[in-house]
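Read off the chains here:
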Amino acid sequence: MMGTGKRFFPLGSDIMEMARTKVHRKKRQVAILIIWVLLWEAGSESIQYSVLEESETGTFVANLTKDLGLRRGELAARGAQVVFKGNRQYLQLDPKTYDLLLNEKLDREELCGSTEPCVLPFQVLLENPLQFFQAALRVRDINDHAPEFPAREMLLKISEITTPGKLFPLKMAQDLDAGNNSLQSYIISSNPHFHVLTRNRSDGRKFPELVLDKALDREEQRELRLTLTALDGGSPPRSGSTEIQILVLDINDNAPEFAQELYEAQIPENNSLGSLIITVSATDLDAGSFGEVSYALFQGDDVNQPFEINAITGEIRLRKTLDFEEFQSYHVDIEATDGGGLSGKCSLVIKVLDVNDNAPQLTMSSLVSPIPENLPEVIVAVFSVSDADSGQNQQVICSIDDNLPFLLRPSVENFYTLVTEGALDRESQAEYNITITVTDLGTPRLQTQHHMTVTVSDVNDNAPAFSHTAYTLRVRENNSPGLHIGRVSAADRDAGANAQVTYSLLPPHDPRLPLASLVSLHAATGQLFALSSLDFEALRAFEFRVGAADRGSPALSSQALVRVLVGDANDNAPFVLYPPQNGSARCPELVPRAAEAGYLVTKVVAVDGDSGQNAWLAYQLLRATEPGLFGVWAHNGEVRTARPLSARDAVRHRLLVLVKDNGEPPLSASVTLHVLLVDGFSQPYLPLPAAAAAEARADPLTVHLVVALASVSSLLLVAVLGFVAVRLGRRSRAAAGGGCSLPEGPFAGHLRDVSGAGTLSHSYQYEVCLTGGSGTGEFKFLKPIFPSILSQDLRNKSEGNPTFRNSKNVENLTEEKYYEHKKCGTIFNCPSSFRRV
């Protein structure tokens, strides 16, 4: 049988027979398809299929793809499922063709009992998008059961005075088949006294009644044996029989009569065993044993009958537990028999009342886990609910916890979908334990809970985050290459590859910074290493940026600033700037013999390339030609006279000054000063060379020589005066031009004495020119140099020399510029000229 909507269309017995062979099956499919196409418009509420019971597993039922109007392969692509109630799977989909096949042998009598037609509703569930198709499977009956009587023999007691036409009810047979295959008629073996009638009961079942055609004569025949046969409507028909034993009794004029021909009663399905259902009553007008009435249930199956009757009182009680879901009502015949064998009959209809004794059932059809984060309204699960009870007890409600970001949405019939309420965040919660509670509306309410765990898959939506936006690392200079100097750390809230962080060095903002040769960064751990030995004096601090990127797609990254501070180590000894140590001819410091105690002789100027206390310098006089005559100030390096000079003091003095820093361990440098005592700046006394002095002592002047010299001197006087006049003219013009023309050197020619403690309290420029080998020289006094010009010159020199800018002693250098140039040394090439400011 094939149909559409909720109608069924018999195809005829010839088509059913053809279905038993492959050729007939193809013809039958063609016929079914034609009928289905013609009747598609007749009703579209659901698709109905039919199959014969007891068909083999795998029997073809339908081409589901064509019936649903889908493209070939779409059922597989959309994950088609066939869902029945109660977790039973009567049909299956062919994994290759997705044809609808029988999943197991079906027994119509087991599935539906006496209900006809036997229809099993089901749904076809499609995903992506979610879609339902209503369908039903009708199980058609085959004649696989023969009628059966409850007993092999029945006993009837009939009085001999019974008039013809009297009806005697008989126990009916039971046939489990339905429709035409069920019990249709009764026949009795040939005899002259009785024939049998087939009657229809209120529930549609057929029962036999024996009709007396000819009066009995006990004296002629005390007992009769007849065969009662029940026939069904199958092809070929099946039958069952029982033997009727008839005892002919003496006269009994009155048969028992019930007070009602039909009794009705209601009983809840959960009534306890032995509970009273109803009491029936029958009376007999006869006296004696013919008036004594006994009761019996006139039922087909005494063993499975859930009721029992008291033969004396007529009380009917519950013998077996009732189940509303199995049988909703019972039709029972009751017989009352007197002592003479006469009987009466009545019927009892018992309705079973439903009690909420079945908890709802939940059938999970689809569950998606894990689900992606950041996507709204994702379908997590599809399920159906059912309740075997009826009425209010069958109505159910579904719910989940309110604090979960999920929603339950009802779909077709009893299906629900579980969807996300919004976009989920795996980093906030990666797993959800969901409990679906299904509660019916009965009293008391029953519920079923289904627990499931849904995990959230990660999406790369979080960039790595550094623990600090800026890192400050400190490393001491002169470190060994490859030294671990620190670590940067970034965390990613994602999971898996999306949380795996890789570190890298970013190009520095300053292209001159050789970052690649300074530090290296471990890509996996973020550890920083110094690639080379750092020098505080060359690079005190530098900064760069590091990046952290995850391995997601697309990759996300972040940056952090790293500042490296190089710590100073005492690795630079003091360097003496003045007096210069360049190996040139020594030029002594000139000190007038009239100098008082505290006279500033000179100042030792030194610098230290380190910083902090490593650059704090202390000066010390280690050795002197005449101890106690000179002293060195420890903090500024000024060399002053410790006492007034006397005539007994030697002309030349040699001082060894030690310059020491404050580092640990301290480093030092030394410098040697040469001091020359002179009587005055106008006639500076320069000792003659030893050879000249010896020669002078060896050859005394004679009168002749004096006379010769005087005469020669008089001749040369004019020439000398002319020469002096020319020289004086040139000097005057140079002074009028703004200063003295000095030879060029590495330092400026305009020098200052700013100590305020020496004899040079104002800024003057002197020029001393000595002729080699002579004991006299030339000393010229020039005009003052203005302080503003000196200050500007010193400022320009300081700005042009980066060494001065980086030193802590730059103030000493600018203030004591005079002492850098005081001594001719390398600056002025002492044998030619000697200038002092």
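Only a predicted model underlies this, so the values are computations on that prediction, with no experimental measurement involved. (Residues numbered from 1 in each chain as written. Predicted model: local features only at pLDDT ≥ 70, side-chain atom pairs only at ≥ 80, totals over all residues. Heavy atoms only, no water.)

Caption draft 1: Structural detail: the overall build of the protein chain. The helix and strand inventory of the protein chain stands at 13 helices and 53 strands. Burial status across the protein chain gives 42% buried among its 837 residues. Across the protein chain, every contact between residues at least 6 apart in sequence was considered, and the portion connecting residues at least 24 apart equals 67%. Carbon and sulfur atoms provide 53% of the accessible area of the protein chain, an area that totals close to 43,700 Å². (Helix = DSSP H or I, 4+ residues; strand = E, 2+ residues; numbered from the N terminus. Buried < 20%, exposed > 50% of the residue type's maximum accessible area, 1.4 Å probe, protein only. Contact = heavy atoms within 4.5 Å. Areas by Shrake-Rupley, 256 points an atom, 1.4 Å probe, with all protein chains shown as cover.)

Caption draft 2: Up close: the sheet that holds strand E31 (residues 431-440). Pairing is mixed in the open sheet, where four strands are placed in the order E26-E32-E31-E28. If you trace the sheet from one side to the other, it starts and ends with strand E26 (371-372) and strand E28 (396-399), each paired once. (Pairing = 2+ DSSP bridges.)

Caption draft 3: Main features of the nonpolar core. If you look at the biggest cluster of nonpolar residues, it comprises 29 residues, and the most contacted ones within it are Tyr-49, Leu-91, Leu-100 and Phe-122. Contacts of Phe-122, omitting those with residues within four sequence positions, involve Tyr-49, Val-82, Val-83, Phe-84, Leu-91, Leu-100, Phe-133, Gln-134, Ala-135, Ala-136 and Leu-137. Judged by nonpolar contacts, the second largest core, of 26 residues, contains Leu-513, Leu-528, Val-546 and Ala-560. (Core = buried A, V, L, I, M, F, W, Y, C linked by side-chain atoms within 4.5 Å.)

Caption draft 4: Seen up close, the confidence of the model for the protein chain. Overall, the predicted model of the protein chain reaches an average pLDDT of 78, with 77% of residues at or above 70. pLDDT under 50 marks residues 1-44. Its contacts with residues more than four places away, or in other chains, come to 65 contacts. Between residues 734-837, whose pLDDT stays under 50, and residues either more than four places distant or in other chains, the model counts 177 contacts. (pLDDT = per-residue confidence, 0-100.)

Caption draft 5: Seen up close, the packing of aromatic side chains. Tallied over the entire structure, the rule returns 12 aromatic pairs. On the basis of an interplanar angle of 85° and a centroid distance of 5.1 Å, the ring pair of Phe-307 and Tyr-330 is categorised as edge-to-face. Of the two residues, Phe-307 sits in strand E21 (residues 307-309) while Tyr-330 sits in strand E23 (residues 329-338), which places them 23 residues apart along the sequence. Given a relative accessible area of 15%, Tyr-330 falls into the buried group. Aromatic pair Phe-466 and Tyr-471: ring centres 6.4 Å apart, planes at 75°, arrangement edge-to-face. Phe-466 sits in the buried class, given a relative accessible area of 13%. Each member of the aromatic cluster is reached from another via a ring pair, and the members are Phe-84, Tyr-90 and Phe-122. (Phe/Tyr/Trp six-rings, centres within 6.5 Å; stacked < 30°, edge-to-face > 60°.)

Caption draft 6: Summary view of unusual backbone geometry. Note that the residue after Ser-369, namely Pro-370, is joined by a cis bond; omega there is 5°. By secondary structure assignment, the location of Pro-370 is in the loop between strand E25 (361-367) and E26. The omega angle of the peptide bond from Ser-553 to Pro-554 is 0°, so this bond is cis rather than trans. In this fold, Pro-554 is placed in the loop between strand E40 (541-549) and strand E41 (557-567). A positive phi is found at Glu-54, a non-glycine position, where the angle reads about 65°. With respect to the element layout, Glu-54 can be found in the loop between strand E2 (47-52) and strand E3 (60-62). The exposure class assigned to Glu-54 is partly exposed, which follows from its relative accessible area of 32%. Its identity is not glycine, yet Glu-413 carries a phi of approximately 50°, on the positive side. Residue class for Glu-413 comes out exposed when judged on its relative accessible area of 58%.

Caption draft 7: Spatial organisation of a nonpolar patch on the surface. Together, Leu-715, Leu-716, Val-720, Phe-723, Val-724 and Leu-728 line one region of the surface with nonpolar side chains, adding up to about 600 Å² of accessible area. Mapped onto the fold, Val-720 is located in helix H8 (residues 703-736). (Patch = residues over 30% accessible without salt bridge, like charges linked within 9 Å, V, L, I, M, F, W, Y side chains within 5 Å. Salt bridge = Lys/Arg side-chain N within 4 Å of Asp/Glu carboxyl O.)

Caption draft 8: Representation of the sheet that holds strand E27 (residues 379-386) in the model. One open sheet holds the four strands; their spatial order is E25-E27-E30-E29, and the pairing between them is antiparallel. At either end of the open sheet lies a strand with only one pairing partner, and these are E25 and strand E29 (406-410). Across the sheet, the mean angle from the axis of one strand to that of its neighbour is 25°, orientation sign disregarded. The pairing of E29 with strand E30 (residues 415-420) spans five bridges and is classified as antiparallel. Of the residues in E30, the one forming a bridge with Phe-406 is Thr-420. (Axes fitted to C-alpha atoms, helices over the stretch in contact; angles between N-to-C directions.)

Caption draft 9: Broad picture of the pattern of salt bridges. Tallied over the full model, the rule gives 23 salt bridges. Between Glu-209 and Arg-199 there is a salt bridge; the shortest N-O distance is 3.1 Å. Remark: Arg-199 occurs in strand E12 (residues 194-200) and Glu-209 occurs in strand E13 (residues 206-212); sequence separation between them is 10 residues. Classification of Glu-209 as buried rests on a relative accessible area of 14%. Classification of Arg-199 as partly exposed rests on a relative accessible area of 35%. Measuring nitrogen to oxygen at the nearest pair gives 3.7 Å for the salt bridge that ties Arg-201 to Asp-333. Pair noted here: Arg-201 is in the loop between E12 and E13 and Asp-333 is in strand E23, with a separation of 132 residues, a long-range link. Taking relative accessible area as the criterion, Arg-201 reaches 10% and is therefore assigned buried. The exposure class of Asp-333 is buried, given its relative accessible area of 5%. Through salt bridges with shared partners, a single network forms among Arg-108, Glu-109, Glu-116, Arg-138 and Asp-141.

Caption draft 10: Just the state of the cysteines, in detail. For the structure shown, the criterion picks out one disulfide. Between Cys-112 and Cys-118 runs a disulfide, and the two sulfur atoms are separated by 1.8 Å. Of note, the bridge from Cys-112 to Cys-118 carries an S-S torsion of about 65° and is right-handed in sense. The buried category is assigned to Cys-112, whose relative accessible area is 16%. (Disulfide = S-S within 2.5 Å.)

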